[in-house]
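The primary structure of each chain is shown beneath.
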Amino acid sequence: MKLLLLYLEIIDKTDGKGRVLPEMILICQNLRNNLQHPNEYICGVTLRFLCRLSEVEIIEPLIPSIMSNLEHRHPYVRRNAILAVMSIYKLPQGEQLLVDAPETMEKFLSTEQDSSAKRNAFLMLFNCAQDRAINYLLIHVDKVSGWGEQLQMIVLELVRKVCRTNKAEKGKYIKIIISLLNAPSAAVVYDCAGTLVSLSSAPTAIRAAANTYCQLLLSQSDNNVKLIVLDRLNELKSFHRDIMFDMIMDVLRALSSPNLDIRRKTLDIVLELITPRNVNEVVLTLKKEVVKTQSGELEKNGEYRQMLIQAIHSCAIKFPEVASTVVHLLMDFLGDNNIASATDVIVFVREIIETSPKLRVSIITRLMDSFYQIRAARVCTCALWIIGEYCLSLSEVESGIATIKQCLGDLPFFSVSEDEEKKEGAESSKKVQQPTSMTVSSRRPAILADGTYATQSAASETAFSAPALVQGSLSLGNLRALLLTGDFFLGAIVACTLTKLILRLQEVQPSKIEANKASADALIIMISILQLGQSSVLPHPIENDSYDRIILCIRLLCNTGDAIRKIWLKSCHESFVKMLSDKQQRETEEIKAKSQVSHSQPDDLIDFYHLKSRKGMSQLELEDEIQDDLKRATGEFVKDSDDENKLNRIIQLSGFSDPVYAEAYVTVHHYDIVLDVTVVNRTKSTLQNLCLELATMGDLKLVERPQNYTLAPQSSKQIKANIKVSSTETGIIFGNIVYETSNVLERTVIVLNDIHIDIMDYISPAVCSDAAFRTMWAEFEWENKVAVNTTITDEREFLDHIIKSTHMKCLTAPSALEGESGFLAANLYARSVFGEDALVNVCIEKLTDSKLDGYIRIRSKTQGIALSLGDKITLRQKGGD
C-alpha cells in the first residue's frame, strides 16, 4: 500500500490543459475505501498521502471520510486526519471545501487526550486561524506548563509570531514563557530561553535566560548540546555584558567536561567577563584546575594545562594584582613535558616580571632554583634572556653566572687525543700525512681542547682515535645536553646572557679582579662552544648567524665601550617595553572595535516612560520599556547596512527583452543563502506552471524545489529559495525559468545568469597568537602560492589592499612594518563561520624599477578555502575591485 501511494504521488494526474484524468475517478474510489479500512495503518498512510494532493476534484469527494476519521479510535489516524484537514484548508479553494474546519479543530482540542494529536490540531489553528489559537491559549494559560513537549514548542512559536507583529501585547505572553522555563523537557527550556532573549531586553528576562542556559550546560551530557548552549551564552555576553558578569562562576562550571572544545569555548567566554570584582574567584578556580591536570589521568591534560596557563596569563595582564598569587605556582611547570605549556609559562613570567616590579626578586630567585628542570630549548632561551635582563644586584648576577656554569657542566664538551690533533694540524697545513698508525709503549700526556692535560697510554699498535663527547652530569647539565644535540642558537643565547651578566657585574662588583676572573670564565665557555661547533663530533657544524653572534660577544668582553654597554644593558630592555606597550595598545583597539558604537538620529522620537501609564504593567514590562528607550536613544536600533550595500546584492537574472524578467536579492546567512527572486510577466498572456528551476555547483545544496505558479499578464511574483551551505568554498547557482502558455503547447525555457557566491561572505577577521599561527602553519597541508603581480609600488599600500580585499586581520605588529627597507613580511589570519582557519603570509620585495615582487602563501586545513582565497587574491591584487 505504501509503494502504491508513492506511485500515485509522482504520476501526472492532469492532462495538458490542467483537467483531471478520467482514471483518477477510480483512484478516488480506492482512496475512499482506504479511509474506511479497519486497519489503522492503511487509514493513516492514506491521510498522509492526501496532504500532498492539490487536485480539488480528487479531494472533494473524500472530505466526509476525512472528517469522520477525526473521531477514529486510534490516535495515529486522528493525528494524520488533522494534518490532512490543514493541508486541504491551505489550498486556494480550501476555505470553501472546509468552512467550519477551525471551529471543528477548536472543539477537537477540548476533548482530545493524545498529545501528538493536540499538537497537530493547535498547529492547524496556528497556521489557518491564528485568532482562535490565541484565544485557546489565553483561556488555558494556567495549564500550559502541563501540556506535552510538542504542543509547548508550538505555543512558543505562536508567542514569537504574535509578539513580533503586536509588541503592545508582549507582556502577557512573556509570563507564559517564564512559566515554561521550569518545564521538564530540555528542548522546551532551551527554546524558552531563546524566545525570551529575542522578545525582551529587560534585565530580569535576560538573567532568567542566562540562568536557564547555565543549568542546561550542567545537566546535559551531550557535548554538541553544550557547545550550542555556550554559543548562546556568547551571544548574551556580546549584547548584555553587564548581566553576564554575575554569571561567570556558573559558566566556569562547564570546565568539568573533559571535552577540550567545550573547555576552550568556556575559557574564551569567561576571559571577556572578568572584572576587578570577580577576578580573584576566577583565578582561584583556574589554579585548582591547573593542579588537577597534574594527576595525569586524562590523555590531553597537557593541552588543557596550556589553555589554563594562557587564561591565567590573560587575567594577570589585565589585573596585575593577581599575578603574585599565580606566578610561583605556574613556574612549577617550567620543566613540563608539554613544550607548548612550558613555553606559555615562561612567556607569562617574562611579561609579569616587567609589569610587576615588586615580584622581580622573588621571580628571579625562583627561576634560578627551577632552571635545571627545564628541558626544552625554547624555554631555556627565554629563561636565559630573563636572567640576563633582570639580574641587577651583585648576588643575583653571581647566582645567574653560577647557574649557567652549573647547567653547562664541566668543560670541554669533547676530548681530542694528541695524535688526532697532529692529524688535524697536518691536514690544515696541507703537509704530507703521517702514517695511519704508530706504536705507543708508554704513558704520556695528551693536550685537550681547552688546554688541560690528560694521560693516554697504549701497549700496542693503535689507530688514531676519533673525538669523543664528554657528557657530563645528566642531573645538572640540561644546557649541556641541548648543546650536544647541535642547538647552537641556544649556545648564542648563552653567550649573550653571559655577556650581559659580565657587563652588569663590572658595574656592581667593587673588585675588578673578581670581575675579570668571571669575564675570563665566560670567554672560555664561549670558545668551547665555538670549538664544539667547528669540530667533527656533531653531524652539523655551527650556523653562521650563531657563530657571528658568539664572536661579537667575545669581542665585546675583550674591549667594551660605553655606547656598546648602553645598547646591551638599556636599549634591549627599552625595546622589550615598547613591544609590550604595542601589544597592549593593539588589544585595546580590538576591544574598542568590538564594542558597538551607535548614535541616534536628530529627529528620532524619545519616549519618556516615567510619563506613561503604568496601570496593569508588570515589573518585567516596565524594565522592557526602559531598555527599549535606552536602545532607541543610543541608536542601537539603527541597522549598520546602508541602502547602497543592499542594492549591490541585487543580481539581474534575465534580460530586459525576455518575456519574463527576473532579478534576485541574495541574503547570506551563516549556514544558508536565501534567494528572493522577483519574476515579472512582461507579456499580455497568462503564464501557467511557471517554475524557477535551480541547480548548484560546489558545496551548496538546494533545500526545496520552488513550486509552480500561474502569472497573470503584467503581474509579478516573489519566489523564495533556500540553499544550504556546508563549507567555505566558492559556489555557483545556476538555473532557468520554465513556463507554459495557452497558445503554445511546448514549454518555454529562459536561461538565467549564474549567481556566484563569494567566499568573502563567510570569512571574517580573527585574532590568534604568534605561537598558534606557527603551529597551524606547520600542521595545515593545503597551500596555495600566489605570485605578486600588481601595479601598486608601495609595500605597505599593497599589504593594506590585500587586507581589505580578503577580510583578514594583520597579526604582525605595526612597529614591525615601519621603515623603508624595501622588504615586507606579514601574517594575516581569518576564520570562517564553519570554524575553518585561513592563514596568509605576505612576503614582498621592492625591486630597483620600483615594482613589487614576491609571493602570497595561503594555508588552510581544507582545499576549498585555500583555492578560493587564492583566486580572490589573484583577481584583486592589481588594485581593482
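Everything discussed here concerns the structure shown above.
The present account deals with the structure reproduced in this document. Every chain begins its residue count from 1, and numbering advances along the sequence as written. Thresholds applied to this predicted model are a pLDDT of at least 70 for local features of residues and 80 or more for the giving and counting of side-chain atom pairs; totals over whole chains, interfaces and linings are not thresholded and use all residues. Side-chain measures here rest on the full set of heavy atoms in the structure, leaving out hydrogens and waters.

A word on the sheet that holds strand E9 (residues 672-681)
Reasoning step 1: Two strands qualify as a pair provided that DSSP identifies no fewer than 2 bridges between them. The numbering of helices and of strands both runs from the N terminus, where a helix is a DSSP run of H or I of at least 4 residues and a strand a run of E of at least 2. With antiparallel pairing, the five strands of this open sheet are ordered in space as E7-E8-E9-E13-E11. Either end of the sheet is taken by a strand with one partner, and the two such strands are strand E7 (650-652) and strand E11 (700-702). Neighbouring strand axes in the sheet, compared pairwise and without regard to direction, differ in orientation by 30° on average.
Reasoning step 2: Both strand E8 (residues 660-668) and E9 contribute to a ladder of nine bridges, which runs antiparallel. Residue pairing for E9: Ala-664 is matched across the bridge by Val-677. Here, axes are lines fitted to C-alpha atoms. For helices the fit covers the stretch in contact, and angles between N-to-C directions go from 0 to 180 degrees.

Here we look at the environment of Asp-849
Reasoning step 1: With respect to the element layout, Asp-849 can be found in the loop between strand E21 (837-846) and strand E22 (852-860).
Reasoning step 2: For Asp-849 and Thr-793, which are 56 residues apart along the polypeptide, the C-alpha to C-alpha distance reads 9.5 Å.

Observations regarding the side chain of His-72
Reasoning step 1: With respect to the element layout, His-72 can be found in the loop between helix H5 (63-68) and helix H6 (75-89).
Reasoning step 2: By relative accessible area, which is 15% here, His-72 ends up buried.
Reasoning step 3: Whenever two N or O atoms come within 3.5 Å, that pair is a polar contact, provided that in protein one can donate a hydrogen and the other can accept it, and provided that, for residues adjacent in sequence, both atoms are side-chain atoms. There is a polar contact of 3.0 Å between the side chain of His-72 and the backbone nitrogen of His-74.
Reasoning step 4: The contact criterion used throughout is that any non-hydrogen atoms of two residues lie within 4.5 Å. If near-sequence neighbours (up to four positions away) are discounted, His-72 is found in contact with Glu-40, Val-77 and Arg-78. Whether a residue is buried, partly exposed or exposed follows from its accessible area with a 1.4 Å probe, protein chains only, as a fraction of its type maximum: under 20%, in between, or over 50%, in that order.

Some remarks on the packing of helix H21 (residues 323-330) against helix H22 (residues 339-355)
Angle between the axes and distance between the axes: these two values describe a pair of packed helices.
Reasoning step 1: Axis separation between H21 and H22 bottoms out at 10 Å; the angle between their running directions is 140°. Like other packed secondary-structure pairs, H21 and H22 cross with a definite hand, here left-handed. Taking contact as the criterion, the partners of Ala-323, Val-326, Val-327 and Leu-330 in H21 are, on H22, Val-345, Phe-348, Val-349 and Ile-352.
Reasoning step 2: In terms of residue class, the contact of H21 with H22 is made up of eight nonpolar, no polar and no charged. For any pair of crossing helices, the crossing counts as left-handed if the nearer helix is rotated counterclockwise from the farther one by less than a right angle, and right-handed if it is rotated clockwise. All amino acids are sorted into three groups, where Ala, Val, Leu, Ile, Met, Phe, Trp, Tyr, Cys and Pro are nonpolar, Asp, Glu, Lys and Arg are charged, and the leftover types, Gly among them, are polar.

So, the pairing of strand E14 (residues 731-740)
Reasoning step 1: Of all 10 residues in E14, nine are buried; the element is thus mostly enclosed.
Reasoning step 2: Note that strand E10 (residues 687-697) and E14 share eight bridges and pair antiparallel. Bridge pairing in E14 links Met-697 to Ile-732.
Reasoning step 3: Sheet topology places E14 next to strand E16 (residues 755-757); three bridges connect them, and they run antiparallel. Pairing of Ile-733 across the sheet is with Ile-755, part of E16.

Observations regarding the nonpolar core
Reasoning step 1: Membership of the largest hydrophobic core comes to 192 residues, with the highest contact counts inside it found for Phe-122, Met-124, Leu-137, Leu-233, Leu-286 and Leu-479.
Reasoning step 2: If you tally residues by element for this core, the top one is helix H28 (residues 488-508), at 12 residues.
Reasoning step 3: To qualify as a nonpolar core, a set must consist of buried Ala, Val, Leu, Ile, Met, Phe, Trp, Tyr and Cys residues joined through side-chain atoms within 4.5 Å. In this structure, Tyr-709, Ala-721, Ile-737 and Tyr-762 belong to the second largest nonpolar core, which totals 29 residues.

Focus: the environment of Thr-14
Reasoning step 1: For Thr-14, the location among the structural elements is in the loop between helix H1 (2-10) and helix H2 (24-35).
Reasoning step 2: For Thr-14, a relative accessible area of 30% translates into the label partly exposed.
Reasoning step 3: A C-alpha to C-alpha distance of 8.6 Å links Thr-14 and Glu-55, two positions 41 residues apart in sequence.
Reasoning step 4: Excluding residues within four positions of it along the chain, Thr-14 makes contact with Arg-19, Val-20, Leu-21 and Glu-55.

Quick look at the environment of Ile-274
Reasoning step 1: Looking at the element boundaries, Ile-274 is found in the loop between helix H18 (260-271) and helix H19 (279-292).
Reasoning step 2: Ile-274 sits in the buried class, given a relative accessible area of 11%.
Reasoning step 3: Placed 28 residues apart in sequence, Ile-274 and Asp-246 show a C-alpha to C-alpha distance of 10.0 Å.
Reasoning step 4: What Ile-274 contacts, discounting residues up to four positions off in sequence, is Ile-248, Val-279, Val-282, Cys-315 and Phe-319.

So, the pattern of salt bridges
Reasoning step 1: The salt bridge criterion pairs a side-chain nitrogen of Lys or Arg with a carboxyl oxygen of Asp or Glu, the two atoms within 4 Å. Scanning the model with the defined rule gives 25 salt bridges in all.
Reasoning step 2: With its nearest N and O atoms 2.9 Å apart, the salt bridge here joins Glu-112 to Arg-78. Remark: Arg-78 occurs in helix H6 and Glu-112 occurs in the loop between helix H8 (101-111) and helix H9 (115-128); sequence separation between them is 34 residues.
Reasoning step 3: Residue classification places Arg-78 among the buried residues on the basis of a relative accessible area of 12%.
Reasoning step 4: In this structure, Lys-405 and Asp-521 form a salt bridge, with 3.3 Å as the shortest nitrogen-oxygen distance. Highlighted residues: Lys-405 in helix H25 (residues 394-408) and Asp-521 in helix H29 (residues 512-534), separated in sequence by 116 residues.
Reasoning step 5: The class of Lys-405 is partly exposed, set by a relative accessible area of 35%.
Reasoning step 6: What you see here is one network of salt bridges that share partners, running through Lys-237, Arg-241 and Glu-272.

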